[in-house]
Amino acid sequence: MSRSGLSCPGCGSSNIVDDDLYCQAQLVCVDCGSVVSEGALTNESVYVGASDVSYSRTTAGDKKPCMNLLKGRHHVIAMCRILRVNREIEDLSQTFYSRAYQHKSFIRVTLRKKEFLAGCCVLVSCRMRQWPVTIGTISCLLDADLVEVGAVYKEMVTVLNIEAPSFNIYDVIEAHSQEYKISLHVAEELAENHKDLTKRAVELVELAADTWVVTGRQPVPVIMAAIYLSWQSLKPNRHRLKLSLDKFCQLAKVKKQKPAAIRVTEMKEVLCKLGKEIPWLGETLTPDNVVCQVEDILKHRYALLRRALRAREEALLPESLASCEASPPRAPEVSDPNPAESPVERRKRSAEDKGSNWGARALFAPPCVVHAKRRRVEQPELRDVTGDEEISDSEIDSYIRTPREAREFAQMQNMFLE
Amino acid sequence: MDESALERYFDDSIANESDFLLGEELDLQSPPPPGKGPAPSRGVQVAEELDLSFLPDELSSRDEQSRHDNTADSQIVPLDVSQDSGISGDYNSQDATAESEQGPSMSGPGTGVSPFYPMTPMTPMTPMTPVTEKSGIIPQLQNIVSTVNLGCPLDLKFIALQARNAEYNPKRFAAVIMRIREPRTTTLIFSSGKMVCTGAKSEDQSRLAARKYARVVQKLGFPARFMDFKIQNMVASCDVCFPIRLEGLVLTHRQFSSYEPELFPGLIYRMVKPRIVLLIFVSGKVVLTGAKEREEIYEAFENIYPILRGFRKQ
């Protein structure tokens, strides 16, 4: 809707339109894009000339729909259009928002929280229709903290009793790889097309998931690490290998995530362990030269995984037999007490018995187990307390100030207050 | 019981048995519903004695597989078996007497017609593996929260002045924070006379600590009593010592679990009976909270352990 009578101070054109930004009314020049004027964040237009009675107290029989609800609905649509989701998701998020807004847990919350609610409705609708979007993306749209949005999301899902599907990292990889601007406007040796990049990144994430690098971790740094390694290994020339993760993110115009560097290290470790099993490879693999072998490793990853695990079993076999011999002297029998149980099961059980260092024994284990934090050793239950024991006077007196102490303390407090 | 009625019963049970076995097959990954528990294991035992050659190959191999699974993972069918073994046992003895009355001629068609039939009047029942095969892991209590009513209004400023171990900042929070060394606990004392005690590692320690705090308040000159002591929350933790595939667990137990790696690295499992919340981590560590009694924690852990074992693989 063009506004007549106004002219843009920047270029002088009279082609000025209403272009609301979320909840803020703005007049923008179409030709040069400058903002001619912006309205207040609150919308007083509807209530101009209205009485002093607040909306919730009006006794009018035919109440106009709540302005905040309408604004919220517009907000939902705006976000759906930004994310370019299909019509079905738009409608679904609108229904969710209307339902949630009217619910008693959300009707009286702050406007900011209602904005979060709008974002969460979009998020849950996307998830239900298999449209990949992360909570991080929504919180970026809302310019909010991930944890706060997450809290509203959880509350909304419980309140509306929705059974939303859980997060699936594979859905999101393709969408994320599109963000990396390394196909055009980049030097020849560094350019890569998105299809190959995504395909290899998916394989790397699958491998990482099988070897406990992905579970429990933030998904976006994992994806970033996978895309970086995939890009390096697709054409492992010296230009690409020289580029660090930081520089790669700068090149691709993507904001680097701090944990991504650690994920790169962890993935390279996994690749080295698998690369060791390649029969035709002469050299020893280190994190520096493993990138060149990534293609082969990924191609034969399942076979290499099996070999690596079997090799580990065989390495641990003499150890477990030795421990069996220490027990009753029927060592040859022990290896075959239960034909249904595989050696892996048995080893796992003995590892389980050992307890704390099962992570060190396994070939692949979640990194939080392999690098377990040293916990302060708790003192064991010193006494069996019944709860009804005698309480000694002296002990209680030790918690009470002497009169002199109390006076001095009071004096000191007064000094501070002055 | 006359011959025709018995035969009719056998025919009925064959019709139901095939459902049982199929159910066992499909439910290998998760605990089967209680009603279907006993039949497969009984059927399997019977199969050892009887000639199954007339059955199609597929069925007998299924029996083999389920037998393997039974020996390796007997946890999957723990409680179900015990519940029904009693009933079948009774029926068995009943039937045995009926059989012996009829004479040996009855037993032939009876056992021949229904190979999967749970009751074999002629063969003695071998005792089942002990039903309560526990995990062997006991969750350790880490924190107990309890409340008690001292029964008289308190002057918090006075308490903060006279007690060594108290801190009071009315601008930040409207209660005195008091600590004692043994048992190592912290308490919040409100001006109404109500008190919240946290940090104890057992119910008795919590009670002792609360009594000590009440004594301190008494010594300071208030007519404090010790009324309505109640444990409000218990937190425990333990380690199952194997890694857990959280993504798989959230798919199969969707109604109870919530796993959002972007928000929290652990899976939040809200168990319905007993009403406990468990935080399950990829390392195999489990935190249980929300209990008012110690038994609820143990029960919750025994419920979750077989589920977690199902998700342990390499």
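Rules used in this analysis
Residues numbered from 1 in each chain as written. Chains lettered and ligands numbered in written order. Predicted model: local features only at pLDDT ≥ 70, side-chain atom pairs only at ≥ 80, totals over all residues. Heavy atoms only, no water. UniProt positions renumbered as here; feature names shortened; annotations may be inferred. Helix = DSSP H or I, 4+ residues; strand = E, 2+ residues; numbered from the N terminus. Buried < 20%, exposed > 50% of the residue type's maximum accessible area, 1.4 Å probe, protein only. Contact = heavy atoms within 4.5 Å. Areas by Shrake-Rupley, 256 points an atom, 1.4 Å probe, with all protein chains shown as cover. Pairing = 2+ DSSP bridges. Axes fitted to C-alpha atoms, helices over the stretch in contact; angles between N-to-C directions. Salt bridge = Lys/Arg side-chain N within 4 Å of Asp/Glu carboxyl O. Buried area = accessible area lost by both parts, 1.4 Å probe. Polar contact = N/O pair within 3.5 Å; in protein donor to acceptor, adjacent residues only side chain to side chain. Nonpolar A, V, L, I, M, F, W, Y, C, P; charged D, E, K, R; others polar. Core = buried A, V, L, I, M, F, W, Y, C linked by side-chain atoms within 4.5 Å. pLDDT = per-residue confidence, 0-100.

The name that an unreviewed UniProt entry assigns to chain A is Transcription factor IIIB 50 kDa subunit, with the source organism given as Gasterosteus aculeatus. What UniProt states about chain A under its Sequence similarities (unreviewed entry) heading is, verbatim, "Belongs to the TFIIB family." Check the Subcellular location (unreviewed entry) section of the UniProt entry for chain A; it says "Nucleus".

**Notes on the overall build of chain A**
On a plain count of helices and strands, chain A comes out with 19 helices and three strands. Per-residue burial over chain A gives 39% buried out of 418 residues. Intrachain contacts of chain A at a sequence separation of at least 6 include 59% that bridge at least 24 residues. Of the roughly 24800 Å² of accessible surface on chain A, 53% is carried by carbon and sulfur atoms.

**Re the sheet that holds strand S3 (residues 35–38) of chain A**
All names here are of chain A. The strand order S1-S2-S3 describes an open sheet built from three strands, whose pairing is antiparallel. Looking at the sheet topology across the chains shown, the edges are occupied by strand S1 (16–18) and S3. Between one strand axis and the next, the sheet turns by 20° as a mean value, whatever way the strands run. Pairing analysis gives three bridges linking S1 to strand S2 (residues 26–29), with the strands arranged antiparallel. Opposite Ile16, over in S2, you have Cys29 as the bridge partner.

**Concerning the pattern of salt bridges**
Here the structure, examined in full by the defined rule, presents 28 salt bridges over all chains. With a closest N to O distance of 3.1 Å, Lys256 of chain A and Asp246 of chain A form a salt bridge. Here Asp246 of chain A lies in helix H10 (residues 245–251) and Lys256 of chain A lies in the loop between H10 and helix H11 (259–275), a separation of ten residues in the sequence. A residue is classified by how much of its surface remains accessible, and Lys256 of chain A, at 32% relative accessible area, is partly exposed. A relative accessible area of 41% places Asp246 of chain A in the partly exposed class. Members of the salt-bridge network, linked through shared partners, are Asp393 and Asp397 of chain A together with Arg215 and Lys219 of chain B.

**Overview of the environment of Tyr228 of chain A**
All names here are of chain A. You can see Tyr228 is positioned in helix H8 (residues 219–234). Note: C-alpha distance between Tyr228 and Leu245 (17 residues apart in sequence) is 7.0 Å. Once you skip the residues sitting within four places of it in the chain, Tyr228 turns out to touch Leu243, Ser244, Leu245, Phe248 and Val264.

**Digging into the interface of chain B and chain A**
Between chain B and chain A, the residue contacts involve 51 residues of the former and 57 residues of the latter. Summed over both partners, the interface of chain B with chain A buries about 5100 Å², with 51% contributed by carbon and sulfur atoms. Taken together, chain B and chain A are joined by eight salt bridges. The shortest N-O distance in the salt bridge between Arg207 of chain B and Asp388 of chain A comes to 3.2 Å. Here chain B is connected to chain A by 24 residue pairs in polar contact (both at pLDDT 80 or more). Mapped by element, the contributors of at least two residues to the side of chain B that touches chain A are helix H3 (57–72), helix H6 (156–162), strand S3 (175–180), helix H7 (203–219) and helix H8 (246–252) of chain B. A class-by-class count of the residues in the side of chain B that touches chain A yields 23 nonpolar, nine polar and 19 charged.

**Examining the nonpolar core**
Grouped together as the largest cluster of nonpolar side chains are 86 residues, with contacts concentrated most on Leu278, Ile280, Leu288, Ile304 and Leu308 of chain B. Among the elements that take part in this core, H8 of chain A stands out by supplying nine residues, more than any other. Once you skip the residues sitting within four places of it in the chain, Ile280 of chain B turns out to touch Ile244, Leu246, Leu249, Gly266, Leu267, Tyr269, Lys285, Val286, Ile304 and Leu308 of chain B. Counting 39 residues, the second-largest nonpolar core is a separate cluster that includes Phe116, Cys120, Tyr153 and Ile162 of chain A.

**Let's talk about the side chain of Gln162 of chain B**
Mapping Gln162 of chain B onto the fold places it in helix H6. If near-sequence neighbours (up to four positions away) are discounted, Gln162 of chain B is found in contact with Ile400, Arg401 and Ala406 of chain A together with Leu220 of chain B.

**Side note on the confidence of the model for chain B**
Residue and element names in this part refer to chain B. Taken as a whole, chain B shows an average pLDDT of 74; of its residues, 57% reach a score of 70 or greater. Mean pLDDT values over the elements of chain B span from 42, in helix H4 (residues 78–102), up to 97, in strand S9 (residues 276–280). Note that residues 19–48 has pLDDT below 50 and, in this model, 49 contacts with residues that lie over four places away or in other chains. The ipTM for the predicted assembly is 0.76, set against a pTM of 0.69.

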